[in-house]
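An overview of the molecular structure
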Amino acid sequence: MGQVVIEADKLTKAYNGKVVVDHLDLKIAEGEIFGFLGPNGAGKTTTMLMFLGLTEPTSGMARIAGFNSTREPLKVKRLTGYVPEKVGFYDDLTAGYNLAYTARLNRLTEAEVDKRVAHSLEVVGLGDKGDQKVGTFSKGMKQRLAIADVLVKEPRVAFLDEPTTGIDPEGISKMLDLISRIAKEKNMTIILSSHQLNQVERICHRVGIMAKGKLVVEGPIEELGARARGGKYQVEVKTTEITDVILSAIGRIKGVLKTERSGDTLLVTCTEDLRPLIARAIIDNQGMLVEMKIHTQGLEDIYLKYFKEA
Amino acid sequence: MSGLLTIFKKELADHFASWRFIILFSLVLLAGTFAAVTAAQHIRSTQTDPNFIFLKLFVGSSDSGSLFSFLDFVKWFIPVVGIALGFDAINGEKASGTMSRLLSQPVYRDTVINGKFMAGVVTLAVMLTSVILLVAGFGMRVIGLPPTSEEIARLLFFLIISVVYGSFWMALSVLFSVLFRRVATSALASIGVWAFFVLFWSPIAGALSRAIEPPGTTVETLARYGQMNLALLHVSPSVLFEEAMSVVLDPGARSYSQLLRLLTGNGGIEFLLANPLSLGQSAVVVWPQMVGLFVLTVVCFAISYVKFMREEIRAT
């Protein structure tokens, strides 16, 4: 793990005695894309707001690049960008003016303002829309503008709260590519909340699943997968014909725990990825291999598993 | 550029470019000119006291038969302008989703509300100044006399207090925009308060004081009733404003009390010297009213300020 830029220490928030975020401990390193998962009301947004210095924690501490978010909100706000879930712009003003406003609030000089606004719009693919009123923008364009709004201030850390809600599948895919490209090019640390798992899976280095205010599980996706599977792999094999010879040959491979047969498919449970060995066993015994698939457990399964637990 | 200036500039630009401003401004111009024209016609058609004739354009006179004077117009309508400039200041931004984006920028929260309030005050001032200048220009043409320096000073005074009066209503609507989540609610609440104090308060105060201190027939009971009525009337900011301004715009006025003015005015007993007061002396007469207005404005703004500073930004 590189230098830690985001840190939560027993971060807790209660509204009228109802605990929304419960003793959260978290460390995120520079340049990481961290996926914040969880159902609605799990406390993801509240956690983000505490990091951003917009909401005061009931107890515990949130730090951004060493600055206490509660005590030094202005310093934190200079370093962070935020895309709220229901992001809005001044509809009567142009996209360019909206971004320039953000830039000016960050005390940039007029020359810098123009340069950064133009550059940010270019990066998100709205380079020719700067003079258009935001009221005419589609939802997807507004979301991209929100990303540009973050880029304008060139933050070290960006919090994106459900940045993909309400946009079409193609837009989502473009948005995710954009986010991961920005993280790489600008060396920006990004915290991304979502409940659309397949997306997060694609671009996040690490995910944390939140439920009822607690971080239930946290780590790189592959690792979480292995943990959820309990260290077992399942290989689905399809051949033209399943003979007893093949079956016993597969059974003899070291590491195979179980073989189940259903029609012309075989389900092999093993301790590691044994696909090459299984393939050889079939071919050596005059079988014709049609298809072989490994069932890695997707984030979806993990998510559901932990949700049931929570 | 500092955060305050940035917000102030943007809000000001917003005000001036909005349809709301254009509509209000046209109404203000229309009503203001109408009041001045009727007053001017009255001045030309009747023989009136030639002193401070310029100011009469703004106060009108009770027997002019016109619908309303310029002063009445300011009393009734400037609150609406103030309300229109403030009722969605805070909750409007929340509704459009720009508030959390704005507050995640490196500016203090008070900067946001200060910038918005300043922009509103400046907008009000610009509106009132241009209408007053327009009426004054028109007046010079009609009457054929330029205003004296005393009159100019009094008009300036009138302008400043009118801006304070408008700011009070703006502060009130900003307060409602902090208190209420929905824009429609804060607009309705502000207009409700406006209707109550500007339109209905004097009959209500009359009825209340009759109930508390029945006028009866003796001088004593009548006086007590009068005092009670006056005390109740003074609750309304528009009464404070009207009293203060009727004295400031009329150098002959010795008191804001309607009773005393009736006695000293035309047909009444001239037991006081008819010399006009100096501006300073006029101001002294209505000092309490002006301080009252100012304090009301500050109190409204302070409450919204504190409320807004303490408010949690919440998920959803």
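Residues numbered from 1 in each chain as written. Chains lettered and ligands numbered in written order. Predicted model: local features only at pLDDT ≥ 70, side-chain atom pairs only at ≥ 80, totals over all residues.

1. Notes on the overall build of chain A
- Scanning chain A for helices and strands turns up 11 helices and 14 strands.
- Along the three orthogonal principal directions, the C-alpha set of chain A runs to about 75 × 50 × 30 Å.
- Among the 310 residues that make up chain A, the fraction classed as buried is 43%.
- Look at the contacts in chain A between residues 6 or more apart in sequence, and 69% of them connect residues 24 or more apart. (Helix = DSSP H or I, 4+ residues; strand = E, 2+ residues; numbered from the N terminus. Buried ≥ 20, exposed ≤ 12 C-beta atoms within 10 Å, placed from the backbone. Contact = placed C-beta atoms within 7 Å.)

2. Focus on unusual backbone geometry
Residue and element names in this part refer to chain A.
- Of note in this structure, Ala65 is not a glycine but carries a positive phi near 45°.
- Position of Ala65 among the secondary structure elements: in the loop between β4 (59–64) and β5 (67–68).
- On the basis of neighbour count, Ala65 is assigned to the partly exposed category, with 18 C-beta atoms found within 10 Å.
- For Lys212, which is not a glycine, the phi torsion comes out positive at approximately 50°.

3. Things to note about the environment of Ala118 of chain A
Residues and elements named next belong to chain A.
- Position of Ala118 among the secondary structure elements: in helix α4 (residues 110–123).
- Under the C-beta neighbour-count criterion, Ala118 is labelled partly exposed, with 14 such atoms within 10 Å.
- Sequence-wise, Ala118 and Leu99 are 19 residues apart; in three dimensions their C-alpha atoms are separated by 9.3 Å.

4. Describing the domain arrangement of chain A
- Here chain A is partitioned into domain 1 (4–226) and domain 2 (230–296).
- Computed over C-alpha atoms, the centres of domain 1 of chain A and domain 2 of chain A are 45 Å apart. (Domains from an automatic or database assignment.)

5. Structural notes on the pairing of strand β8 (residues 189–194) of chain A
Residues and elements named next belong to chain A.
- The buried fraction of β8 is high, at six of six residues.
- Residues Thr189, Ile191 and Ser193 point to one face of β8 and Ile190, Leu192 and Ser194 to the other, with burial holding for every one of them.
- As paired strands, strand β3 (residues 33–37) and β8 are joined by five bridges and run parallel to one another. Pairing of Phe36 across the sheet is with Ser193, part of β8.
- Both strand β7 (residues 157–161) and β8 contribute to a ladder of five bridges, which runs parallel. Opposite Val157, over in β8, you have Thr189 as the bridge partner.
- A crossover links β7 with its parallel partner β8, the connecting element being helix α6 (residues 169–185), and its sense is right-handed. (Pairing = 2+ DSSP bridges. Right-handed = clockwise from strand over helix to strand, strands pointing away.)

6. Examining the interface of chain B and chain A
- Between chain B and chain A, the residue contacts involve 17 residues of the former and 24 residues of the latter.
- Among the elements of the structure, α1 (3–17) and α6 (99–103) of chain B are those that each provide at least two residues to the side of chain B that touches chain A.
- Class assignment of the residues belonging to the side of chain B that touches chain A gives a composition of six nonpolar, eight polar and three charged. (Nonpolar A, V, L, I, M, F, W, Y, C, P; charged D, E, K, R; others polar.)

7. Section: helix α10 (residues 275–284) of chain A
Residue and element names in this part refer to chain A.
- Taken together, the buried positions of α10 are Ile278, Ala281 and Ile282. One side of α10 holds all its buried residues, which, seen down the axis, span an arc of 95°. Exposed side of α10, more than 90 degrees from the buried face: Pro276 and Asp284 are the residues found there.
- If you follow the buried residues of α10, they end up packed against β11 (233–239), α9 (244–252), β13 (265–270) and β14 (289–294).
- Where α10 ends, the next residue or the one after it, Gln286, has phi of about 60°, a positive value. (Arc of directions from axis to C-beta.)

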